[in-house]
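Spelled out from the first residue to the last, the chains are:
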Amino acid sequence: MRSILRSVGFITIATTLATVSATPSPLHLELAARYEENIFPRLPTSSTSTTISSLGVVLAGLVLASRLSEDSSRRVLVLEAGLQRRCDAPAGAYYESIKQPMLNNRGIYWPRGKILGGSTAMNAMYLVRPSQIDVDSWQSLLESAQGHRQERELHRPRGGAMGNRGRFPYDAANHGSGGPYEPELPARSCSASSAIGPSALATAGISTLQNPNGGVTMGGFISPSSINPYEQDAFLLAPRIYRLVCPPRSNLHILPEATVTKIGFTDKLRSSTNEIIAHSVEFAKDSASTRYVVGVNREVILAGGPLGSPKILMHSGVGPTDVLQQIGLDVVYELPGVGQHLQDHLTAGVAWESRVETAGDVRASNSDFSKSSEFLSFINDAVAFVNASLLFNGNDAVYGTEIANMLANGTTTVPSTSPEVIEGYKAVYNLTVQKLWPGSAQIEMLMSVISPGSISIQSALQHPYSRGRVYINSTNPFDPIVIDPQYFSHPADRTIMRQGVKLVRLVGAALGDRTDDQIDAWLTNSGANTQYHPASACAMLPRKWGGVVDSDLKVYGLANVRVIDSSVYPFEFAAHLASATYGLAEIGSGIVKESTFEVPSGAKVDEKELGRQGKNGLLAGV
Ligand SMILES: Cc1cc2nc3c(=O)[nH]c(=O)nc-3n(C[C@H](O)[C@H](O)[C@H](O)COP(=O)(O)OP(=O)(O)OC[C@H]3O[C@@H](n4cnc5c(N)ncnc54)[C@H](O)[C@@H]3O)c2cc1C
């Protein structure tokens with residue numbers, strides 16, 4: 001519990017915006033109801049693929065493990081690099097990007113969850129759905145989508161607890177019921193939230209949004225969170241997801257402190273589609289420990305997140321040839337998009353002294369109330385998504401044309417010479433400027449009241465044009481992956497963020513007069529940092545565009561390896577990523593369940609050969 005106020009990601013929110021009146025389609029609402037937070041179109045399924053064998057893990061991984069082990073005929077093994085439960089050991093891994101030239105050579109701090117539950121064990125617990133236009137745009141990239149059934153949702157009707165939040169209504173109609181997971185609103189608001197509420201937002205032209213979960217997110221609203229104030233362990237999402245896989249099932253094995261080091265492929269047989277077959281997964285506790293190998297009977301599913309999944313692929317010989325050859329790794333399958341298309345939400349917060357009580361003040365008081373479930377269910381809850389029209393005072397079309405021309409004039413920021421990756425960048429760029437620029441949010445404003453005596457509002461870039469990459473520079477899978485987001489490598493990103501900061505200034509009246517150059521210098525030297533939402537390093541795009549997975553989430557060229565986590569989104573959504581990732585995992589588990597692929601006996605791991613590896617362990621295939 002205490003975790004809420006300690007959580008790093010607190011970014012916060014304040015609210016919203018302006019226009020956009022798209023009526024959600026029935027399909028959209030239907031999808032929105034699935035597993036509470038899922039609003040994705042049905043990804044087309046193919047006749048291949050299947051069950052599971054090894055999961056490299058987490059937020060997405062636990063949902064998958066839970067769903068796939070519902071079928072007692074499947075055996076599921078979850079390999080998680082971190083611990084099983086939060087205890088004295090850190091629940092995270094703490095990375096830093098390489099120095100960013102456009103941010104005054106700063107390395108940017110990138111924490112990631114390293115525990116069963118992944119980054120949900122350390123995140124700020126907002127549950128914000130992407131808008132319909134974002135999801136439809138993804139769908140248009142895939143060129144196909146079907147509807148999906150609504151099921152497994154649960155919304156507990158709320159009583160008087162929300163009475164004090166009347167200005168930020170919560171529409172139960174957009175939430176399902178019957179599922180294992182419930183988003184909730186805090187039982188208690190904070191006076192600082194109210195103070196910066198609708199009237200302050202209105203001065204900046206931002207209106208209150210009545211229904212942020214129905215496909216339109218533009219406007220200001222109170223975000224639901226993954227904290228359930230009515231449950232004992234309300235504040236720890238991981239245990240609650242963990243309960244989905246409890247009571248223990250005899251066909252589900254969860255192995256913590258097991259880092260997947262590589263996938264093993266058979267060189268003896270290919271599938272009927274001429275794809276390479278994975279027959280084993282290697283893992284170890286740490287660099288000095290024995291490496292174990294487990295045989296795969298059906299599938300390997302990577303859910304290691306935007307850093308873990310591309311890393312495992314590259315250490316397995318699947319990735320860009322130049323990266324693999326540079327460190328002397330054999331190329332099993334050339335896939336130039338692995339690690340590419342990396343995007344992140346960059347954010348910058350402006351703080352000022354608060355004249356009203358903040359959550360930080362309450363916590364500092366150490367009063368009984370500060371320890372109550374009611375208070376601890378509070379997150380920084382006010383958010384606002386704003387569009388280009390508001391940011392550019394109605395001149396958004398002019399700047400949109402300028403952005404479009406930048407690509408036409410040859411401005412690309414892709415750190416790859418692969419023509420496929422470059423084509424993919426162009427495709428997503430054009431989609432971003434044509435569809436998302438006029439229709440989707442460009443900036444999220446987040447209000448934070450967790451510090452005593454001060455309030456801050458962040459301006460977070462939602463649809464970046466800059467592209468980075470992650471890559472390996474060592475054959476040791478325990479060495480950290482290299483992170484190069486290339487922040488601000490595209491000039492539009494800085495301009496959009498600067499406009500967001502100006503809007504924050506209007507709402508908070510905090511900055512006083514600042515020139516564009518002064519704001520840019522502040523962003524560069526200290527202001528701009530990550531919102532902790534990296535994505536896209538295993539993008540679901542066509543192979544010819546540097547894609548890594550197809551619409552069945554299956555890795556190109558491999559018969560039985562999928563990636564199912566936040567690394568597959570081909571572009572950043574204007575939303576926080578956890579709720580989308582739950583939905584993705586739910587859909588992914590359905591796809592896997594429909595698959596019938598089995599590793600042919602001639603391609604199975606050679607137990608005799610593995611047995612000869614002496615002290616290295618061999619686990620029975622699952
Ligand atoms: C500080 C912070 C605050 C955030 N705040 C919010 C928020 O308020 N709302 C929101 O929606 N989103 C938030 N996010 C983002 C959100 O939590 C992530 O987008 C989401 O958890 C991604 O899920 P995932 O399954 O893709 O990966 P992760 O949750 O990162 O899980 C990956 C898992 O894979 C494991 N793993 C990686 N490599 C290996 C390997 N080789 N072998 C075995 N296991 C491996 C890791 O240990 C980890 O457990 C925040 C993130 C952070 C870091």
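Residues numbered from 1 in each chain as written. Predicted model: local features only at pLDDT ≥ 70, side-chain atom pairs only at ≥ 80, totals over all residues.

Going by the annotation in an unreviewed UniProt entry, the name recorded for the protein is pyranose dehydrogenase (acceptor), with Ephemerocybe angulata given as the source organism. Taken directly from UniProt, the Subcellular location (unreviewed entry) text for the protein runs: "Secreted". Under Subunit (unreviewed entry), UniProt gives the following word-for-word description of the protein: "Monomer." (UniProt positions renumbered as here; feature names shortened; annotations may be inferred.)

Undergrad: Before we go on, may I ask you to explain the overall build of the protein in this structure?
TA: Check the secondary structure of the protein and you find 18 helices and 21 strands. Here the protein, with 622 residues, has 59% of them falling under the buried criterion. At a minimum sequence separation of 6, the contacts of the protein that also span at least 24 residues come to 78%. (Helix = DSSP H or I, 4+ residues; strand = E, 2+ residues; numbered from the N terminus. Buried ≥ 20, exposed ≤ 12 C-beta atoms within 10 Å, placed from the backbone. Contact = placed C-beta atoms within 7 Å.)

Undergrad: Looking at this model, I keep getting lost on the confidence of the model for the protein. Mind explaining?
TA: For the protein, the mean per-residue pLDDT works out to 77, and 74% of the residues sit at or above 70. Contacts of residues 232-236 to residues separated by more than four positions or lying in other chains number 15 contacts, the stretch itself having pLDDT below 50. Segment residues 611-622 is flagged for pLDDT under 50; beyond a separation of four residues in sequence, or across chains, it makes 27 contacts in the model. We note a pTM of 0.86 for the whole complex and an ipTM of 0.99 for its interfaces. (pLDDT = per-residue confidence, 0-100.)

Undergrad: Mind showing me how you'd approach the pairing of strand β13 (residues 346-353) here?
TA: A regular strand places its side chains on the two faces of the sheet in alternate fashion. Pairing of β13 with strand β19 (residues 529-530) involves 2 bridges; the strand directions are antiparallel. From the neighbouring strand, Leu-346 faces β19, where its bridge partner is Thr-530. (Pairing = 2+ DSSP bridges.)

Undergrad: What is the right way to look at the sheet that holds strand β14 (residues 382-386) in this model?
TA: Strands in a sheet are paired, the pairing made by backbone hydrogen bonds, and the direction either parallel or antiparallel. The antiparallel open sheet is built from 6 strands, whose spatial order is β5-β14-β15-β16-β13-β19. Strand pairing shows two members of the sheet lacking a second neighbour, β5 (219-222) and β19, which therefore form its edges. Sheet topology note: the β14/strand β15 (residues 443-448) ladder contains 4 bridges and is antiparallel. For Phe-385, the partnering residue across the bridge sits in β15 and is Glu-444. Packed onto the sheet, helix α15 (residues 491-508) meets β13, β14, β15 and β16 (454-461) and runs at close to 150° relative to β16. (Axes fitted to C-alpha atoms, helices over the stretch in contact; angles between N-to-C directions.)

Undergrad: Help me understand the packing of α15 against helix α16 (residues 516-527) in this model?
TA: Where α15 meets α16, the closest approach of the two axes is 10 Å, and the angle between their N-to-C directions is 105°. Here α15 lies roughly perpendicular to α16, going by the angle between them. Residue-level contacts link Arg-494, Met-497, Arg-498 and Val-501 of α15 to Asp-516, Ile-519, Asp-520 and Leu-523 of α16. Tallied by class, residues from the contact of α15 with α16 come to 4 nonpolar, no polar and 4 charged. (Parallel < 35°, antiparallel > 145°, perpendicular 65-115°, else oblique. Nonpolar A, V, L, I, M, F, W, Y, C, P; charged D, E, K, R; others polar.)

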